[in-house]
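The residues making up each chain are set out below.
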Amino acid sequence: MRRDLPVEWLDALLVASCEIPPAASAEEAATSLVAAAFEALPDAAIGVCVPGGSEGQVVVRRGARSEGAESPDPTRLFPEYAFERVVVINADEGSTLHLASDDEARFAGTGSMDAFVDRLALALAAALRNARMHRAARAHGTEVKELEAQVIQAGKLASLGQIAAGIVHELNNPLTSIVAYSDYLHKKALRTEADPADVERLARINEAAERILRFSRDLMAYSRPTASVPAPVAIHDTIERALVFCDHVLGEMHVEVERQFGDVRLVRGVAGQLAQVFVNLFTNAAHAMREQGGRLIIKTAMSDVGDAVRITIQDEGHGIDAAHLEKIFEPFFTTKTDGTGSGLGLSIVRNIVASHGGKIRAHAHVEKGTVFELDLPLAASPSEPPQR
C-alpha cells in the first residue's frame, strides 16, 4: 500500500472547499468534498452522515458497491466492505465521516493518510457549519419579512379604526337629531290619535335610531384611550357590551350566543380594556365558525378557591392544532391566511389579562372547538351582593 500521498490531493480538497457556493446546503457541501476525496482514493468508499435537522438526515456516499445494502450496525454506511473507519466531524451535531475498504490497513490512521483524513474532516466541519449558518440566516430573513408584513397589516387596521372612529363621531350629531325628532313625532302622534300604523312606524324609527346612537357612543368610548386606574367592574355588563360590538360578525357567521351566567362578584379592572379582551375572543370564535356556524357559549362562575371570577368562552369551530396551542399568545402568530388576523389579538388579550393580575389559558374541547378560560381577581369582599 502506498504511504506517500501526493500533495495534490490536499490541494484538491482546498479547491473543492473554495468552490462550494455560499448558499449551498449541507448535502451539496458534503457531496462536493466527498467527490474530491473519492477522486484521490477511488479504490475505497467515502461517505458522510449528517444527523436529522430541519433538512432531515443527510447521507452522501461514493464508492458503495450496493446502494440498497442494509447493515446490522447502524453506525456503518458501507456494510459491503470488510473494514470501515468512522471519524467524528462535529461532536455537537454528531456528523461523521466514513471511509471503507477491504484492506484493514488502508485507513489505519497513520502517516500522510492520517493527515489527509484529518484535513478532510476539518473541511467538512467548516462546510457543514457554513451551511447551517446560511440556513439559519435564510430562516431569520423569512421571519423578518413575515413580521414586517404583519406589522404593516396591524398598522392598516389601526388606521382603519381611527377613520371609523372619526366617521362615528360625525354621525352622532344627526343621530341625536333623528332620535329627538322621532321621539317628538311619536308622542305627538299618540296625543292626536293618528293612524296606529304610523304610530308604530315612528316608534320603530325612534327605537332604531336610539340603538344606533347607543352603539356609536359605546364604540367611541371603547376606541378612546382608557384610564389605567382599576375600579370595580361588572363583568356581565362588559361581556354584553362586547357582544354588541361583535353583533354583526356573529350574525354574519350564523353564531348563536348562549349565556350561562352564574352568581359572580365584581372584578377589579379597567372596563375598556376588559371589553377589548372579550371583543377579540368573540371575534376569533366567530371566525372559527365561519363555515358552518355554531354556538358561542359564555359561562361565568366563581373560581374553585373563590378569589376570582372565571369566564369560560367555548366555540364549536374548527379548533386549534395542538402544536399551535403554545404559540397562539405570541405576538404576530396567526393561523389566519385570509388577511382577517394580524397575529396581535391574542397577544394583546394575554397582556391585558396579565396586567389585571389574571390568568388565561386555552385548550381544545373534547368534542370540537376551542375553550378559553380567564380568571380575573375580585374587586370586593365576599359580603358584597353578586351580579345577576
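Provided above is the structure to which this section pertains.
These numbers come from a predicted model, not from an experiment.

Draft legend 1. Spotlight on a nonpolar patch on the surface. Taken together, the side chains of Ile 163, Ile 167 and Leu 171 make up a nonpolar region of the molecular surface, amounting to roughly 280 Å² of accessible area. Locating Ile 163 in the fold gives a position in helix α3 (residues 111-191). Looking at Ile 163, the relative accessible area reads 53%, which means it is exposed.

Draft legend 2. Geometry of the side chain of His 98. Tracing the chain through its elements places His 98 in strand β4 (residues 95-101). Polar contacts involving the side chain of His 98 include one to the side chain of Glu 84, which spans 2.7 Å.

Draft legend 3. View of the pattern of salt bridges. In the structure shown here, the tally under the stated rule is 14 salt bridges. When the shortest N-O distance is used, the salt bridge between Arg 204 and Glu 200 registers 3.1 Å. Residue Arg 204 and its partner Glu 200 are located together in helix α4 (residues 196-223), separated by four residues, close to a single helical turn. Note on Glu 200: relative accessible area 40%, which makes it partly exposed. Of the charged contacts, one joins Arg 295 and Glu 258 as a salt bridge, the two residues approaching to 2.8 Å between their closest N and O atoms. With Arg 295 in strand β8 (residues 294-302) and Glu 258 in strand β6 (residues 255-261), this residue pair connects regions lying 37 residues apart in the sequence. Among the residues examined, Glu 258 registers a relative accessible area of 23% and is labelled partly exposed.

Draft legend 4. The arrangement of helix α7 (residues 271-288) in detail. End to end, α7 covers 26 Å across 18 residues, agreeing with the expected 26 Å (1.5 Å per residue, within 8%). Taken residue by residue, α7 has Leu 274, Ala 275, Val 277, Phe 278, Val 279, Asn 280, Leu 281, Phe 282, Ala 285, Ala 286, His 287 and Ala 288 as its buried positions.

Draft legend 5. Up close: the sheet that holds β8. Taken together, five strands build an open sheet; the order of strands is β6-β8-β9-β11-β10 and the sheet is mixed. With one partner strand each, in any of the chains shown, β6 and β10 (359-364) form the two edges of the open sheet. The mean inter-strand angle of the sheet, taken between neighbouring strand axes irrespective of direction, is 15°. Summarising the sheet, β6 and β8 pair through seven bridges and their orientation is parallel. The residue of β8 that forms the bridge with Val 257 is Leu 296. The sheet strands contacting helix α5 (residues 235-245) are β6, β8, β9 (308-314) and β11 (370-377), and the helix crosses β6 at an angle near 175°. Strand contacts of α7: β6, β8, β9 and β11, with the helix running at about 170° to β11, the strand carrying the most contacts.

Draft legend 6. Molecular detail of unusual backbone geometry. One non-glycine residue, Glu 193, lies in the positive phi region at around 55°. Structurally, Glu 193 is set in the loop between α3 and α4. Notably, His 254 is not glycine yet its phi reads approximately 60°, a positive angle. Mapped onto the secondary structure, His 254 falls in the loop between α6 (247-252) and β6. For His 254, a relative accessible area of 62% gives the class exposed.

Draft legend 7. Up close: the packing of α5 against α7. Running from N to C, α5 and α7 point in directions that differ by 50°, and their axes come no closer than 8 Å. As summarised for this structure, α5 and α7 are arranged oblique, according to the angle between their axes. As α5 runs across α7, the sense of the crossing is right-handed. On the side of α5, the interface is formed by Ile 235, Thr 238, Ile 239, Ala 242, Leu 243 and Phe 245, while α7 contributes Ala 271, Leu 274, Ala 275, Phe 278, Val 279 and Phe 282. Residues that form the contact of α5 with α7 fall into these classes: eleven nonpolar, one polar and no charged.

Draft legend 8. Spotlight on the sheet that holds strand β2 (residues 58-62). Reading across from one edge, β2-β1-β4-β3 is the order of the four strands in this open sheet, with antiparallel pairing throughout. Single-partner strands in this sheet number two, and they are β2 and β3 (83-90). Each strand axis lies, on average, 15° off the axis of its neighbour in the sheet, ignoring direction. Note: strand β1 (residues 45-50) against β4, five bridges, orientation antiparallel. Bridge pairing in β4 places Ala 45 opposite Ala 100. Against the sheet, helix α2 (residues 26-40) contacts β1 and β2, and its axis sits at roughly 20° relative to β2.

Calculation rules
- Residues numbered from 1 in each chain as written.
- Predicted model: local features only at pLDDT ≥ 70, side-chain atom pairs only at ≥ 80, totals over all residues.
- Heavy atoms only, no water.
- Patch = residues over 30% accessible without salt bridge, like charges linked within 9 Å, V, L, I, M, F, W, Y side chains within 5 Å.
- Areas by Shrake-Rupley, 256 points an atom, 1.4 Å probe, with all protein chains shown as cover.
- Salt bridge = Lys/Arg side-chain N within 4 Å of Asp/Glu carboxyl O.
- Helix = DSSP H or I, 4+ residues; strand = E, 2+ residues; numbered from the N terminus.
- Buried < 20%, exposed > 50% of the residue type's maximum accessible area, 1.4 Å probe, protein only.
- Polar contact = N/O pair within 3.5 Å; in protein donor to acceptor, adjacent residues only side chain to side chain.
- Expected span 1.5 Å × (residues − 1).
- Pairing = 2+ DSSP bridges.
- Axes fitted to C-alpha atoms, helices over the stretch in contact; angles between N-to-C directions.
- Contact = heavy atoms within 4.5 Å.
- Parallel < 35°, antiparallel > 145°, perpendicular 65-115°, else oblique.
- Left-handed = near helix turned anticlockwise from the far one by under 90°.
- Nonpolar A, V, L, I, M, F, W, Y, C, P; charged D, E, K, R; others polar.

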